[in-house]
Amino acid sequence: MFGGVGALIVLVLVFGSVLAVTPLVVAAVSILATFLIMWWLTALTEISFIVQYLLALIGLGVAIDYALLIVTRWREERGRGAGAEEAIVRSMATAGRAVLFSGLTVAISLAALIALPVPFLRSVGFTGLLIPLVSVVTALTLLPALLMVAGGRLDWPHRRRTEPDSKLWRRIATTVVRHRWFSATVSSSSCSRSPRRCSVCGWAHRATTR
């Protein structure tokens, strides 16, 4: 619940209109549909109770992310003067393709956990396989229909720019490209320190539990 409220606040700040609810609608439909599929799976295999929390957590992030890509692209096309149908077609040809391949990659990666002989990890594998696929299907079917029927009315009061160019992100990209070696060094050093920090935390945990 708190995650959904927080996501709604961020989406309202991003879109500045009622259009912010569309990613949440996609997330709600995807999560409920996946819950139903997981309920059917309980008759075939053992499913850990922790799945209900993981499913809602992963589903909220994945479904909102996929819907956000399509809706943002749709608004950009509308800002360029495209009609409702043309904007949806262009959005699906670009952002829709990215959503499809992203969802398939996530699903295939997490599906490997199903092969493990640990019930908890197998449950995570089923969840990781289903929620991206259901989110992709919902984002590529329900969302375009929703935008076609009510997209213009939902984009109200339209308090954000729809132009694709952003001065902030252009400035950030220009800075990173101009100082690419420094940016690469900072990023690499952050990644290299993470395993050390984890190993230190693990050693400290083992030391305190002895």
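About the criteria used
Residues numbered from 1 in each chain as written. Predicted model: local features only at pLDDT ≥ 70, side-chain atom pairs only at ≥ 80, totals over all residues. Heavy atoms only, no water. Helix = DSSP H or I, 4+ residues; strand = E, 2+ residues; numbered from the N terminus. Buried < 20%, exposed > 50% of the residue type's maximum accessible area, 1.4 Å probe, protein only. Contact = heavy atoms within 4.5 Å. Areas by Shrake-Rupley, 256 points an atom, 1.4 Å probe, with all protein chains shown as cover. Salt bridge = Lys/Arg side-chain N within 4 Å of Asp/Glu carboxyl O. Patch = residues over 30% accessible without salt bridge, like charges linked within 9 Å, V, L, I, M, F, W, Y side chains within 5 Å.

Break down the overall build of the protein chain for me, with residues and values.
For the protein chain, the count of helices and strands is seven helices and zero strands. Mapped from its N terminus to its C terminus, the protein chain presents α and β elements in the order α-α-α-α-α-α-α. In the protein chain, which comprises 210 residues, the proportion classed as buried is 30%. Considering only contacts in the protein chain between residues 6 or more positions apart, those separated by 24 or more positions represent 74%. As displayed, the protein chain has an accessible area near 13,200 Å², and 70% of this comes from carbon and sulfur atoms.

So what about the pattern of salt bridges? Which residues, and what values?
Counted by the stated rule, this structure contains five salt bridges. Of the charged contacts, one joins E77 and R80 as a salt bridge, the two residues approaching to 3.1 Å between their closest N and O atoms. One salt bridge in this structure joins R90 and E77, with 3.1 Å as the shortest N-O distance. Linking R90 in helix α4 (residues 84-111) with E77 in helix α3 (residues 51-79), this pair joins segments that are 13 residues apart in sequence. R90 gets classed as partly exposed once you look at its relative accessible area, which sits at 35%. For E77, a relative accessible area of 3% puts it in the buried group. Salt bridges here are not isolated pairs; linked through shared partners, they connect R73, E76, E77, R80, E86 and R90.

I'd like to hear about a nonpolar patch on the surface, residue by residue, with values.
Together, L8, V12, V18, V21, V25, V29 and L142 give the surface a local cluster of nonpolar side chains, amounting to about 430 Å² of exposed area. Elements with a contribution of two residues or more to the nonpolar patch: α1 (2-15) and α2 (21-41). Residue contributions to the nonpolar patch peak at three residues, all from α2. Take L142: it is sitting in helix α5 (residues 119-154).

Describe in detail the side chain of T22, supporting the description with residues and values.
Relative to the elements of secondary structure, T22 occurs in helix α2. T22 gets classed as buried once you look at its relative accessible area, which sits at 1%. Beyond its immediate sequence surroundings of up to four residues, T22 is in contact with V71, L143, L146 and L154.

All we've got here are geometric facts, nothing functional implied.
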